[in-house]
Amino acid sequence: MAEAHQAVAFSFAITHEGFDINYDQEVLNLVWNSGFRSWKKRVARARNGVRNGVYPAHIQSLWLITAIALGLHFAGLRTPFNIVNRILVNLPANTINWQVTACFLASLVIWLSICFTMRYTLKLLLMYKGWMYESRAPGSKTSLRTKLWAGAVKVFSSWNKPGLYSFQGSLPRLTLPSVTATTQRYLRSVRPLLDDEKYKRMEGLAHEFETTIGKKLQWYLILKSWWSTNYVSDWWEEYVYLRGRSPLMINSNFYGTDAIFMDLSHNQAARAANVVYLLLGFRRLIERQELQPIMVQGIVPLCSWQYERTFNTVRVPGMETDRIVHYRDSNHIVVLHKGCYYKVLIYYKGRQLRPCEIQVQMEEILNSKATPLPGEEHLAALTAWNRSKWAEVRNTYFTRGVNRVSLHTVESAAFVVSLDDIPFEFDLNRPELLDNFGKTLLHGNGYNRWFDKSFTVCVGTNGRVGFNAEHTWADAAVGAHMWENLVIDDLVTDGYDENGNTRGTPEFQPPSPTRLSWKLEPCLTQIEEATLDANKLINDIDLRILVHNQYGKGFMKKCRLSPDAFIQMALQLAYYRDAGRFSLTYEASMTRLFREGRTETVRPCTIESAAWVKAMEDKTKTNDERVALIKAACDRHQLGYQDAMCGHGIDRHLFCLYVVSKYLEVDSPFLNEVLSEPWRLSTSQTPHGQTPKMDLKKHPQCISSGGGFGPVADDGYGVSYIIAGEDLIFFHISAKNSCDTTNVHRFADNICKALADIRSMFEEHMKKNPPKSKAVSSNGNQASASK
C-alpha cells in the first residue's frame, strides 16, 4: 500500500476542530504544468487547423482584404458585387461601427472564396499524374504540359510556407480503377507463373468475375470512394493488421539500425539521453506542425496523415480485433532495463529536460540494483504472443489495481526505451556481428521489447542504437524519416564531449525514475507460456544482413536503369537460381500522392523479367540479347511502379472487392484464389535521403544499413534493401529455419552472384557499344564520355 499512499496529491479529514487538509505542493505543480502544456497544445492545434484549412492562402491576407474593403467603402466606392451594402441593409443600424462590421463580414466572404478557389485549384493540379510517366533520364525532354503544370503547382505551394498537414485538404482521393483494367493487369502479372492450362483457367475465372459479381461489388466501392477519404486505408488497417491474430514479433513488426559507420559515444546512458531528447524534438515538430511535408522533386506533396500517431500510440489487443489508441499528450517515457520497468518524466519545472539531465536519469537506472518482481522480467513476452491470448490475459489480470495503473503507464508513454545489456557491434570482416545486430532489433530475447508500442528504442552497451516498430500505425517510410532525422541531428548538434558524455550541466536534480509495480503471481503460467512461444518463433527465424560494396547506384545509372528496377531484376535472378522456379513477388510502393494513402503492391515478376532470367540461364543467348531483355524488364517494372503510385495498382483494388464480397456473403472463386496466393518473395526498399538534411556528401558517416522484417510466407524470403550510397547496398534477408527449401546465406550468395553477373554483362556490352555522346557519371550527373 506504500505506492498508493505516495500517489495521493492531497487528502482531507473532518475533525472536531474543523477541516484538516494535506496536499503535496510538488504533485499539484506537476498537475498544473501538465494541464497548462495541454492547453497550449490545444491552442496551437486550433491555430494550425485554421491555417491548414485555408492553405495555400495566407491567414494574414484577411487583414489586407479587410483594409481594402474599408478603404473602398469609406471612399464611397463599391466593393465587388456591392457586398458591403448588401450586408449593411440586414444589420440593425447604419452607424460607423456597423459599417466596419459589414466591411469585415464582406472581407471574410471574399477571403474565404479566394481561399477555397486556390485550394481546389491546387487539388485539381495535383490530380494530374502525367509527370510520373515522363522520363527523367539525361537528355530526355519534359513536355510543355508538364512544365506548365509544375510551374503552377510551384506557385501555389511555395509562396506560403506549408505546415505538416497544410496539403491534406488539397490532396486528391485515391483513384478507383475499373474491374476490367485491374483483372487485365492481374492476368498479365501471373502469366509467367502459370502454364498454358492453368492460365486459361484463370482467364475464365477472371472473365466470369468481370461479367457477374464484379460489377455489383464495384458499385459498392464506387460509393465508398465517393463517401470516404480513401477507399482502401481503413479496411487495410482493420483487416490486414488489426484483425490479425498472429504474434506481432517477427510476423508484423519491423526494425531499423543505427548509422553503423558513425561512432558518436560509447556511453550507453549518454547516447540514450541524446536519442530521447532528439526524438522528443521530432515529436514537438509534429505536434506544432512545423515539420516540413515531404515533397517529391520539391514540388508534389506527399500525404502526412500517418505522422500523427508516431508518438504516444499503442496497439491494444482484443479478442477478435485489436485497436489503435493514440494519446493526445504524454509527459513521460518508459525505460526497460534488466527486466525492470521505470517511468521517466521528461518535463520538470515547466520545461522539457535537457540531454545532460536525462543522462542523470538513465545512469540512475543503469546503476540500480533492483531485481525484477516475480514475472516482471518476461512480462513483455505477452506482447509477442497470440493476440487473442494476450487480450484474454489483459482483460483478466490488467484491468484493475496496480497492474492496470502500470500497464496504462507503459501504453500511454511517448515511447519505450530498452537499455540492453549487450553491445550492438559491426565489423565488415565479421558479418555475423551485423546479423546479430539485426536479430537483436527484430526480436531481442522475446521479452525486452514492448511490441505493442508504436516503437521501442533499443540502446546497446556500446552506445549504438536501433528501433523496433509496430506496423499498424504507419508504414516504414514514416519510421525511416523519423530515424533519418535523428541520425543527422545526433551528428550535427555535436551533443557529446570528449569523454562521450552529453554536453552541458544540469540546472537541477531531475526527477528520479519511478519503478513500476506489478502483481503478476496470478498470471505467471500465461507469462511463461508466452515466453516459450516467443522462443519458438525466435529459434525458427534466421536473418542475414548482406553488405554489397562492389558497386551501387553509380554503376546502375551508368547502365541507364532505375536502381530499384536493377535490384529487383537481380532478386528475380537470385530467386530463380535458389528455388528453380519463379514465384509471386511483392514489392511495396507508396500511394501517398493521395490523401490518407498507404501502400500498393508492385509485382516485379513479369513476362519481361522472366524472359530475361531465362536468357541469363540460356548459354545460347548473346550478351546483347540479354542487355536488351533486362532493359525491357526494367522499363516494365518502372511502369508497374508508376501505375501503383498513381492509383492503378492491382492488389488493393482486389482486396477491397474481396472485403465487399465477404460483407455481402457472396462467394467469388476468382477472388478466393487471388487472395490465397502466397508471397514467397516479399521485398521492400528502405527510403533514404527523404529530406535535404541528409547530405551524404557532407556527412558520409550517416549512412544507415536500413532495416528489415520477417518473411511473409513460411516457405519464402523477406528481403529489405537500402541503396545507401554510390557503391554500397545493404540487403536484410529473413527466412524460417523450419523450411527445408530456404536458406538466407545461400540466397545472399545468389544475390551477390546475380549482381556480379549483371555487372559483367553490362561491362561487356559497354566495351562493344561505347556511348557516343553523354553518359551518366557515378554521382548521377551528366559527364562527357570518351569517344
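Thresholds, definitions, all that
Residues numbered from 1 in each chain as written. Predicted model: local features only at pLDDT ≥ 70, side-chain atom pairs only at ≥ 80, totals over all residues. Heavy atoms only, no water. UniProt positions renumbered as here; feature names shortened; annotations may be inferred. Helix = DSSP H or I, 4+ residues; strand = E, 2+ residues; numbered from the N terminus. Pairing = 2+ DSSP bridges. Axes fitted to C-alpha atoms, helices over the stretch in contact; angles between N-to-C directions. Contact = heavy atoms within 4.5 Å. Phe/Tyr/Trp six-rings, centres within 6.5 Å; stacked < 30°, edge-to-face > 60°. Buried < 20%, exposed > 50% of the residue type's maximum accessible area, 1.4 Å probe, protein only. Domains from an automatic or database assignment. Buried area = accessible area lost by both parts, 1.4 Å probe. Salt bridge = Lys/Arg side-chain N within 4 Å of Asp/Glu carboxyl O. Polar contact = N/O pair within 3.5 Å; in protein donor to acceptor, adjacent residues only side chain to side chain.

**A word on the UniProt feature "transmembrane region" (unreviewed entry) in the protein**
Turning to step 1, where the next piece is worked out: Using the residue numbers shown here, the UniProt feature "transmembrane region" (unreviewed entry) corresponds to residues 55–76 and 96–122.
Turning to step 2, where the next piece is worked out: The span residues 55–76 carries 64% helix and 0% strand; its end-to-end C-alpha distance comes to 33 Å.

**Digging into the sheet that holds strand β17 (residues 585–590)**
Turning to step 1, where the next piece is worked out: Judged by pairing direction, the sheet is mixed, and its six strands sit side by side in the order β16-β22-β21-β19-β17-β18 without closing on themselves. Pairing within the sheet leaves two strands with one partner each, and these edge strands are β16 (541–548) and β18 (599–602). In this sheet, neighbouring strand axes are inclined to one another by 25° on average, regardless of whether the strands run parallel or antiparallel.
Turning to step 2, where the next piece is worked out: Here β17 runs beside β18; their pairing, made up of four bridges, is antiparallel. Paired with alanine 588 across the two strands is threonine 601, which belongs to β18.
Turning to step 3, where the next piece is worked out: Of the strands in this sheet, β16 and β22 (728–736) are in contact with helix α15 (residues 431–442), which crosses β16 at around 130°.
Turning to step 4, where the next piece is worked out: Packing of helix α21 (residues 623–645) onto the sheet brings it into contact with β17 and β18, and relative to β17 it is tilted by some 50°.

**Examining the UniProt feature "active site" (unreviewed entry) in the protein**
Turning to step 1, where the next piece is worked out: Following the UniProt record, one finds the feature "active site" (unreviewed entry) at His471.
Turning to step 2, where the next piece is worked out: Position of histidine 471 relative to the elements: it lies in the loop between β14 (465–469) and α16 (476–492).

**Examining the packing of aromatic side chains**
Turning to step 1, where the next piece is worked out: For the structure on display, the rule yields 30 aromatic pairs.
Turning to step 2, where the next piece is worked out: Centroid distance phenylalanine 282 to phenylalanine 311: 6.5 Å. Interplanar angle 55°. Geometry classified as tilted. Residue phenylalanine 282 is found in helix α11 (residues 268–287), and its partner phenylalanine 311 is found in the loop between β5 (300–301) and β6 (313–316); the two are separated by 29 residues along the sequence. Like phenylalanine 282, the residue phenylalanine 311 is buried in the burial classification.
Turning to step 3, where the next piece is worked out: Ring centres 5.1 Å apart and planes at 65° place the aromatic pair tyrosine 551 and phenylalanine 555 in the edge-to-face group. Of the two residues, tyrosine 551 and phenylalanine 555, both sit in the buried class.

**So, the domain arrangement of the protein**
Turning to step 1, where the next piece is worked out: Each assigned domain of the protein is listed here: domain 1 (56–132 + 143–159), domain 2 (179–239 + 543–768) and domain 3 (252–533).
Turning to step 2, where the next piece is worked out: With centres defined by C-alpha atoms, the gap from domain 2 to domain 3 works out at 31 Å.
Turning to step 3, where the next piece is worked out: With 38 residues of domain 2 at the contact, the number on the domain 3 side is 45 residues.
Turning to step 4, where the next piece is worked out: When domain 2 packs against domain 3, the two sides together hide about 3400 Å² of surface, and 58% of this comes from carbon and sulfur.
Turning to step 5, where the next piece is worked out: Looking at the side of domain 2 facing domain 3, the largest losses of area belong to Leu543, Arg592 and Arg598, adding up to 22% of the total buried there.
Turning to step 6, where the next piece is worked out: Where domain 2 meets domain 3, there are three salt bridges.
Turning to step 7, where the next piece is worked out: Of the charged contacts in the structure, one is a salt bridge between arginine 544 and aspartate 435, with a shortest N-O distance of 3.7 Å.
Turning to step 8, where the next piece is worked out: Linking domain 2 with domain 3 are 13 residue pairs in polar contact (both at pLDDT 80 or more).
Turning to step 9, where the next piece is worked out: Sorting the residues of the side of domain 2 that touches domain 3 by element identifies α10 (233–242), β16, β20 (707–708) and β22 as the ones contributing at least two each.
Turning to step 10, where the next piece is worked out: No other element matches β16, which puts four residues into the side of domain 2 that touches domain 3.

**Details of the side chain of aspartate 489**
Turning to step 1, where the next piece is worked out: Residue placement: aspartate 489 occurs in helix α16.
Turning to step 2, where the next piece is worked out: Here aspartate 489 is in contact with Leu278 and Lys693, once residues within four sequence places are set aside.

**Focus on the sheet that holds strand β12 (residues 416–419)**
Turning to step 1, where the next piece is worked out: Across the sheet, eight strands lie side by side as β15-β9-β8-β12-β13-β14-β3-β20; this open sheet has mixed pairing. Each end of this open sheet is capped by a strand with a single partner; those strands are β15 (514–515) and β20.
Turning to step 2, where the next piece is worked out: Both strand β3 (residues 254–257) and β14 contribute to a ladder of four bridges, which runs antiparallel. For phenylalanine 254, the partnering residue across the bridge sits in β14 and is alanine 469.
Turning to step 3, where the next piece is worked out: Against the sheet, helix α12 (residues 355–366) makes contact with β8 (332–337), β9 (340–345) and β12, and its axis sits at roughly 30° relative to β8, the strand it touches most.

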